[in-house]
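An overview of the molecular structure
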Amino acid sequence: MYTILVCLLAISAPAWASGPDEPFIQPVSEKFPLPQGIHPVKLLTDYNNTVHVLAKEGLFYLTGDKVARDVRFRPLADKIPADVTVQETHGHLYYLLADKLITNGYAGVPYVTFPANTYDRAVVNAAGNALLSGKGKMAVTDGKNIQPIAAPEEGVSELFVNDGIFYALTPRALYRVAGGQLQRLHAGKDVRTVAFKGNDIILGTPAGYYAIRRENGDTALTLQHRVPVPSVARLLVAGGKIWAGTPQGAFTENGSGGYRYFASKRWLDQDEVKDLSADQDGNVWILTSSGLNKIAFRRHSLADKTDYFQRKIRLRHIRYGFIANIHLLTPGDLTTAQMADTDNDGLWSAFYLGSQAFRYGTTREPEAKRYAWEAFEAFERILSVNQLKGFPSRTFERKGYKNSDPERWRDSPDPEWEWKGHTSSDEFVAYIWIAAVLNEMVAETADEKQRVAAFMDKIMTHIIDNKWYLVDIDNKPTLWGRWNPEYINWYPETIGDRRLGSTTIVAGLCACSQIRRACNWLIR
């Protein structure tokens, strides 16, 4: 009695609540393939928000939605830089060529020359000074003159600049340049890369990342190893948050002590990250060996996001009223999308129908009501497409085009169609849900309410007439469509299926009772 009362209260309680739709920040991925055959090594963005990719084959940049060879400056069009770097603070792009360091900023005035093939890395500070490194050699420049400094014997892995100070990372240590020479700031084994955050220097390792104080090298943050992927290959600080690039995607701090992980095809064209960069609009760019990936942070309301997905659903995902999976004949090419049935068409479609019912209940938009009834037509047909009285098919398809579990399909009395059996308790829960929300929020006329009641009546009558089972065409209960007391009570009280099965069948009875008491079994 108490269980039934709780069910009735749940079904008859107010079904929606409204409040202000406050905008929020939503990360969105955009992908730009690299030209085939190039081997990218570095990613950077300049003060114009132009995104550059240095490859072994030359310098490339993003123009529109295409990554193309940068031939804008004719004197540089056929050059392959050893390195490119963006000047600290000012964002001008500098080119390290075989025998010179130049920029097209400042009317092209800054440049420095040196013997060919001496240096292969460069960074430039806000004052226009540069740190250069090559095999066994290092030097600092003031824009015209060059001053050699002693290079570490283990060789330089990477150069950095922060707040006007130059740093050099080697396989053994992190050095800074002071007084015209290198000073060891931190001895760190297996440090792959660094980034700067306030007064701290973040160091990435195969086992996670940690931080030291910039002024003295003391530990500022112990090793963070409980991260999505510990093997940190690249680091970036953007928007005050640490970003890490790994062989299995990228991750960033989420602001509440955890991380947001960006990987797989949803976010990246492939998972192995080669480099990271950020532009002045707050977008983060992720370079892989085959693509340039933009993580944009856009301001949305829930209404904006709903409209976005609604357009996609209506364009590609409605199959006879059901919500449908799509298969891409060519991976990544949406023009090759084909809709396909699944084992849970009814359950997934119930969520969509429910969304349109709540939408109509809140906004009274005619379109929402139309979409809800369109989905319900598919649910009505799961009963009429088969030859069994009151048995709900899992789904249906035109003959010869079924996709999932081909052994579970049966011929329909209509020779043009097939239907899928073996219906489960999951689907039954969907039927309860759609009947409740339709009756409460969408069905407004007596005829509309009768449609909903008739749907539930047929299913519940089938279950009751078949001793609390869903009985398939083989005259046997389906694997999970079982609510007979002998079956339910066979489970020990500690097993969740006993409670779950009891709850779902009582909910079905409650739903029928609530929907105008029109169900035949209740009248009987």
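Refer to the structure printed above.
To keep things clear, this report deals only with the structure shown in the data block.

Brief notes about the sheet that holds strand β27 (residues 284–287)
Spatial strand order, β1-β28-β27-β26: 4 strands in an open sheet with antiparallel pairing. Lying at the two open borders of the sheet, with one neighbouring strand each, are β1 (24–33) and β26 (275–278). Pairs of neighbouring strands in the sheet enclose a mean axial angle of 20 degrees, with direction left out of account. In terms of strand pairing, β27 meets strand β28 (residues 291–300) through 4 bridges, oriented antiparallel. When the sheet's bridge partners are listed, W285 is paired in β28 with K294.

Describing the pairing of strand β18 (residues 193–197)
Within β18, 4 of the 5 residues are buried, leaving the element largely enclosed by the surrounding structure. Where β18 hands over to strand β19 (residues 200–205), the hairpin turn is made up of 2 residues, of which G198 adopts a positive phi near 60 degrees.

Topic: the packing of aromatic side chains
One pair of aromatic rings is described through two measures. These are the centre distance and the angle between the planes. A full pass over the atoms with the stated rule returns 25 aromatic pairs. Ring centres 5.1 Å apart and planes at 85 degrees place the aromatic pair F114 and Y119 in the edge-to-face group. Looking at F114, the relative accessible area reads 8%, which means it is buried. Residue class for Y119 comes out buried when judged on its relative accessible area of 9%. Relative to F396, the ring of Y320 lies with its centre 5.9 Å away and its plane at 20 degrees, an arrangement referred to as stacked. With Y320 in the loop between β29 (318–319) and β30 (322–323) and F396 in strand β33 (residues 395–398), this residue pair connects regions lying 76 residues apart in the sequence.

Considering the side chain of N344
On the secondary structure map, N344 appears in the loop between β32 (337–340) and α4 (345–363). For N344, the side chain forms a polar contact with the side chain of E427, separated by 2.8 Å. Once you skip the residues sitting within four places of it in the chain, N344 turns out to touch R394, D426 and E427.

What to know about the side chain of T246
Mapped onto the elements, T246 comes out in strand β23 (residues 241–246). The exposure class assigned to T246 is buried, which follows from its relative accessible area of 0%. Here the side chain of T246 touches G249 through a polar contact of 2.7 Å, landing on its backbone oxygen. Ignoring any residue separated from it by four or fewer positions in sequence, one finds T246 in contact with V229, S231, V232, A233, F251, D271, E272 and V273.

Reading guide: rules and limits
- Residues numbered from 1 in each chain as written.
- Predicted model: local features only at pLDDT ≥ 70, side-chain atom pairs only at ≥ 80, totals over all residues.
- Heavy atoms only, no water.
- Pairing = 2+ DSSP bridges.
- Helix = DSSP H or I, 4+ residues; strand = E, 2+ residues; numbered from the N terminus.
- Axes fitted to C-alpha atoms, helices over the stretch in contact; angles between N-to-C directions.
- Buried < 20%, exposed > 50% of the residue type's maximum accessible area, 1.4 Å probe, protein only.
- Phe/Tyr/Trp six-rings, centres within 6.5 Å; stacked < 30°, edge-to-face > 60°.
- Polar contact = N/O pair within 3.5 Å; in protein donor to acceptor, adjacent residues only side chain to side chain.
- Contact = heavy atoms within 4.5 Å.

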